[in-house]
Amino acid sequence: MTNSKEDADIEEKHMYNEPVTTLFHDVEASQTHHRRGSIPLKDEKSKELYPLRSFPTRVNGEDTFSMEDGIGDEDEGEVQNAEVKRELKQRHIGMIALGGTIGTGLFIGLSTPLTNAGPVGALISYLFMGSLAYSVTQSLGEMATFIPVTSSFTVFSQRFLSPAFGAANGYMYWFAWAITFALELSVVGQVIQFWTYKVPLAAWISIFWVIITIMNLFPVKYYGEFEFWVASIKVLAIIGFLIYCFCMVCGAGVTGPVGFRYWRNPGAWGPGIISKDKNEGRFLGWVSSLINAAFTFQGTELVGITAGEAANPRKSVPRAIKKVVFRILTFYIGSLLFIGLLVPYNDPKLTQSTSYVSTSPFIIAIENSGTKVLPHIFNAVILTTIISAANSNIYVGSRILFGLSKNKLAPKFLSRTSKGGVPYIAVFVTAAFGALAYMETSTGGDKVFEWLLNITGVAGFFAWLFISISHIRFMQALKYRGISRDELPFKAKLMPGLAYYAATFMTIIIIIQGFTAFAPKFNGVSFAAAYISVFLFLAVWILFQCIFRCRFIWKIGDVDIDSDRRDIEAIVWEDHEPKTFWDKFWNVVA
């Protein structure tokens, strides 16, 4: 009797301090009752309502729990063996975070802001967008370490805002990555055309479509290993490029000491766009470069997607988040600074169309400096980057669909997983969008790229916006529960100010990103390309608002910050310290 009483006391105390866990439940019921798993700490009576015992049966990788009593029934969705596996190591997460945003947006996309805004205007744009990226990742880091689930920020939109917002955010973000996969497939053949035109573009699309799809059917640890080595190549290439550029600026190339030569002639500020007035045109050119920078920074939030498959999310995710400032300053600002020194904004190569990579300011800078072999080496790096990006597109898209399905916002069959923990049906559904890449064989490549870029980019803006808004609600829910942010596994810096800052400017960017469609005169095609994602988002949100008939936004007492969290906190995480020299080396680097 004594032991039973002590056990009961311990269980009651544990439940009081750490509210219970459920997955998403009936929406209508939540409007009249506190959500299961959302028991305010101030309510003494609620301690007896939902008893739940959760026992970890495995640590260090695979979360398998037996749930007894209360709400752990089959329909409510307990944690089962048929889940994704926590097999991404610290070095995987770290290098994915470092290399995840290095893609075509950086290697190819810098040419447009350099041409329109000039080196200084583009640099200011990227610094500003870098501050927004830092704000968003800080918000995501705090939430994803507290509740490390697959497809984290789409789940947070559902739990902290409303099911309709969660569904709209999730489907738009999935759509963005599915379309991006088609974009990367359409580009990979064009990159190879830097060397040869003998193989048809459709053949390259087919080859890499099959290869990349098959790669995503392997367990996530293989994805992590592949991305680790590819990201390592990208990181080393950028660092090597910065060292090379420094030498060229100081006079090691055929142009002699360059210094700030091109900032004086043709100038530090670009010619601008649209307006004949010089100052107004330059301002509009800066705004366009700001929007291009926003597209380029897409992907900094990927570390949040991996939280649900991290072997130790409470340690690996915060470490990855803390590297955001380093990679923004080094990869983006550093690259743009040196490119602005070595490539004048009026260089005709920036607008040529001989091949897809011919407009890459990285390759142009190397060619201008007179290095013969290096352009081919860097083109190989760009090719590797695009293959890596396409691989990540399917991974991210499939995990978004998996998260939507697990939270009853998508058909149940999408959450089926293989024995290796791969949501294979979600992989096939996402990979199917690769067929859109064949549009490239019948339409001008630049036009297809522009359309797909607009569709995907704006959807990414919504993801950033909802990460910030969700974090604001998350902090409000913590305050309502009487939980101090100082007790969290990771505490975001400068909050809530940075969350409001990011949410405000992301809203403005979503509204103005298609401004070129209105000037110098209205262009219906450009307007549709720029705002199609906005209309799709509103349509999906209205649809799910009608389906769920839920509140516009949850009451603060109904915000669910408990589902999945207690299971995570019950796990005894085991860290395997690196033993060999190379393990220690990569642990430090990543």
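Coordinates for the structure precede this section.
Residues numbered from 1 in each chain as written. Predicted model: local features only at pLDDT ≥ 70, side-chain atom pairs only at ≥ 80, totals over all residues. Heavy atoms only, no water.

(A) Examining the overall build of the protein more closely. Scanning the protein from N- to C-terminus turns up 22 helices and 2 strands. Among the 590 residues that make up the protein, the fraction classed as buried is 60%. A sequence separation of at least 24 residues applies to 80% of the contacts in the protein between residues at least 6 apart. (Helix = DSSP H or I, 4+ residues; strand = E, 2+ residues; numbered from the N terminus. Buried < 20%, exposed > 50% of the residue type's maximum accessible area, 1.4 Å probe, protein only. Contact = heavy atoms within 4.5 Å.)

(B) Representation of the packing of helix H5 (residues 111-146) against helix H6 (residues 152-160) within the structure. Here H5 crosses H6 at 80°, and the two axes come no closer than 10 Å. One finds that H5 runs roughly perpendicular with respect to H6. Here Leu140, Met143 and Ala144 of H5 come into contact with H6, specifically with Ser152, Phe153, Phe156 and Phe160. The residue makeup of the contact of H5 with H6, split by class, is 6 nonpolar, 1 polar and no charged. (Axes fitted to C-alpha atoms, helices over the stretch in contact; angles between N-to-C directions. Parallel < 35°, antiparallel > 145°, perpendicular 65-115°, else oblique. Nonpolar A, V, L, I, M, F, W, Y, C, P; charged D, E, K, R; others polar.)

(C) Inspection of the pattern of salt bridges at higher detail. For the structure shown, the criterion picks out 4 salt bridges. Between arginine 485 and glutamate 142 there is a salt bridge, and its shortest N-O distance comes to 2.7 Å. Of this pair, arginine 485 sits in the loop between helix H18 (445-481) and helix H19 (497-512) while glutamate 142 sits in helix H5, placing them 343 residues apart in sequence. Owing to a relative accessible area of 0%, glutamate 142 belongs among the buried residues under this scheme. Between aspartate 486 and lysine 491 there is a salt bridge; the shortest N-O distance is 2.6 Å. The exposure class of aspartate 486 is exposed, given its relative accessible area of 58%. (Salt bridge = Lys/Arg side-chain N within 4 Å of Asp/Glu carboxyl O.)

(D) Local environment of the packing of H5 against H19. Running from amino to carboxyl end, H5 crosses H19 at an angle of 125°, the nearest separation of the two axes being 9 Å. As judged from the angle between their axes, H5 and H19 are oblique. For the element pair H5 and H19, the recorded crossing hand is left-handed. Facing H5, whose interface residues are Phe128, Met129, Ser131, Leu132, Tyr134, Ser135, Val136 and Ser139, H19 presents Leu498, Ala499, Tyr501, Ala502, Phe505, Met506 and Ile509. Residues that form the contact of H5 with H19 fall into these classes: 12 nonpolar, 3 polar and no charged. (Left-handed = near helix turned anticlockwise from the far one by under 90°.)

(E) Just helix H8 (residues 201-215), in detail. The end-to-end C-alpha separation of H8 is 21 Å, in line with the 21 Å expected for 15 residues at 1.5 Å each. Its buried side turned inward, H8 meets helix H7 (163-192), helix H16 (374-406) and helix H17 (424-431). (Expected span 1.5 Å × (residues − 1).)

(F) Spotlight on the environment of methionine 475. Residue position: methionine 475 is located in helix H18. We classify methionine 475 as buried; its relative accessible area is 11%. Counting along the chain gives 332 residues from methionine 475 to methionine 143, while the straight-line C-alpha distance between them is 9.3 Å. Those residues in contact with methionine 475 that lie beyond four places of it in its chain are Glu142, Arg485, Met495, Pro496 and Ala499.

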